[in-house]
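Commentary on secondary and tertiary structure
The primary structure of each chain is shown beneath.
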Amino acid sequence: MKSYEEQYFDGLHKIMDKGVVCESGRQSTDSRVVRTKRTWGVDFEVDLQEEFPVLKSKHVAVKSAIREILWIMSKQSNNINDLIPHIWDKWANEDGGIGKSYGYQVHKPVSHNKCHYHDQVTYVLELLEKDPSSRHGLIDLWCPEELSQMNLVPCCHVSQFAILNGRLNCMLTQRSGDYLVGVPFNTTQYAFLTIAFARHLGVEPGILLHHISDAHVYESQYGNFDTGEQTESFKTLMQNNAALMSDRNPTGVRYMSSKPAVSILAKGTDFFVIGDDDFIIHNYKVGENCFPDIKFEVEA
């Protein structure tokens, strides 16, 4: 099985080599048309026993990614005042709310096989505790009748969990993926979620499958799709990956051989007691295990 890093760049090459240039139909404040290069279907498969998937060609804000998934799945909040990183600020109302999105949907009760569950996460965890062979362990954030009441509709919208051979597996379905900014964030945070759920259930983490239906790169991130001119950020990313794949950066530090990992520090195994600082990321220090962060524009 290829490493996550290799799979990620296979997907990026697929977008850039075979993708279709599209206008999104949305206009920015200065009437500039937003263009993307898109491809249909990019997939990663990661064995969480072998690898904690986090990019090394550019630094990913792992703590922010984990805090966001805890905000959604544990706090089940749709208010940015409950979230430490400011990644949702631009989509929040004056009171901090983001509408009926993400945590709001997770918090909905579930009725299944004459049993009633407080929320979707409780449903998945209690269901798999009662019946480890169940194929019904699914969290769905896409609610058609409430889409117009969401400040931003979910990108990662369905996550399904199943136990096979004493290992918890996750299938994440993402309808739309900003490949350079959002996708690395999402892979890492759902890897953490799977590890945390497995810890709660008393099993080992297994396979994370991450499927992005519409994987795309924004022209503002790449440069110019018509001329092939690239931004300095995109050039740096590709140069970093070339150095990484040779297993040496310019200073001779070996990046490819480093193995990032995560430890959960919360007492007990209850998923819901994991706090914003109850984890440590190992072997992921800029300049030692990964390249520095690269700034790309974030389009809404």
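As a reminder, the structure under discussion sits directly above these lines.
Now for a look at the structure at hand. Along each chain, residue indices are assigned from 1 in the same order as the chain's sequence is written. Local features are withheld for residues below a pLDDT of 70 in this predicted model, meaning they are given only at 70 or higher, and side-chain atom pairs are given and counted only at 80 or more; totals for whole chains, interfaces and linings count all residues. Water and hydrogen atoms were dropped before computing side-chain values, which therefore reflect all heavy atoms in the structure.

1. Observations concerning the nonpolar core
Side chains of a nonpolar character, in soluble globular proteins, are inclined to be buried together. Membership of the largest hydrophobic core comes to 76 residues, with the highest contact counts inside it found for Met73, Tyr179, Phe192 and Phe271. Take this core: its biggest share by element is eleven residues, from helix H5 (residues 182-201). Residue contacts follow a heavy-atom distance rule, with two residues in contact if any of their heavy atoms lie within 4.5 Å. When sequence neighbours within four positions are dropped, the list of residues in contact with Phe192 reads Phe52, Ile66, Ile69, Leu70, Val262, Ile264, Ile274 and Phe279. The criterion is simple. A nonpolar core is a set of buried Ala, Val, Leu, Ile, Met, Phe, Trp, Tyr and Cys residues joined through side-chain atoms within 4.5 Å. Accessible area is worked out with a 1.4 Å probe on protein chains only. A residue is then buried under 20% of its type maximum, exposed over 50%, and partly exposed in between. Numbering of helices and strands runs from the N terminus, with a helix taken as a DSSP run of H or I at least four residues long and a strand as a DSSP run of E at least two residues long.

2. A look at helix H1 (residues 4-18)
Every α-helix winds through 3.6 residues per turn, so residues three or four apart in the chain are directed the same way. Its 15 residues give H1 an end-to-end C-alpha distance of 21 Å, which sits within 8% of 21 Å, the value for a rise of 1.5 Å per residue. Within the sequence span of H1, burial applies to Tyr4, Glu5, Gln7, Tyr8, Phe9, Gly11, Leu12, Ile15 and Met16. Buried residues along H1 sit against strand S2 (33-47), H5, strand S8 (204-218), helix H6 (219-222) and helix H7 (232-245). In a helix, the anticipated span is given by 1.5 Å times the number of residues less one.

3. Brief notes about the pairing of S8
Most of S8 sits inside the fold, with 13 of its 15 residues counted as buried. Two strands make a pair as long as DSSP finds a minimum of two bridges between them. The sheet contact formed by S2 and S8 spans eleven bridges and is antiparallel. Bridging from a neighbouring strand, Val46 pairs with Leu208 of S8. The pairing of strand S7 (residues 167-178) with S8 spans ten bridges and is classified as parallel. Within S8, the position partnered with Ser176 by the bridge is Asp214.

4. So, the environment of Asp278
Following the sequence through the fold, Asp278 ends up in the loop between strand S9 (261-264) and strand S10 (279-282). Residues Asp278 and Gln189 lie 89 residues apart in sequence; the distance between their C-alpha atoms is 14 Å. Contact partners of Asp278, with chain neighbours within four places excluded, come to Ser263, Ile264, Leu265, Ala266 and Val273. Reaching out from Asp278, the side chain makes a polar contact with the backbone nitrogen of Gly275 at a distance of 2.7 Å. Polar contacts here mean pairs of N or O atoms no more than 3.5 Å apart (in protein, one a potential hydrogen donor and the other a potential acceptor; neighbouring residues in sequence count only if both atoms are side-chain atoms).

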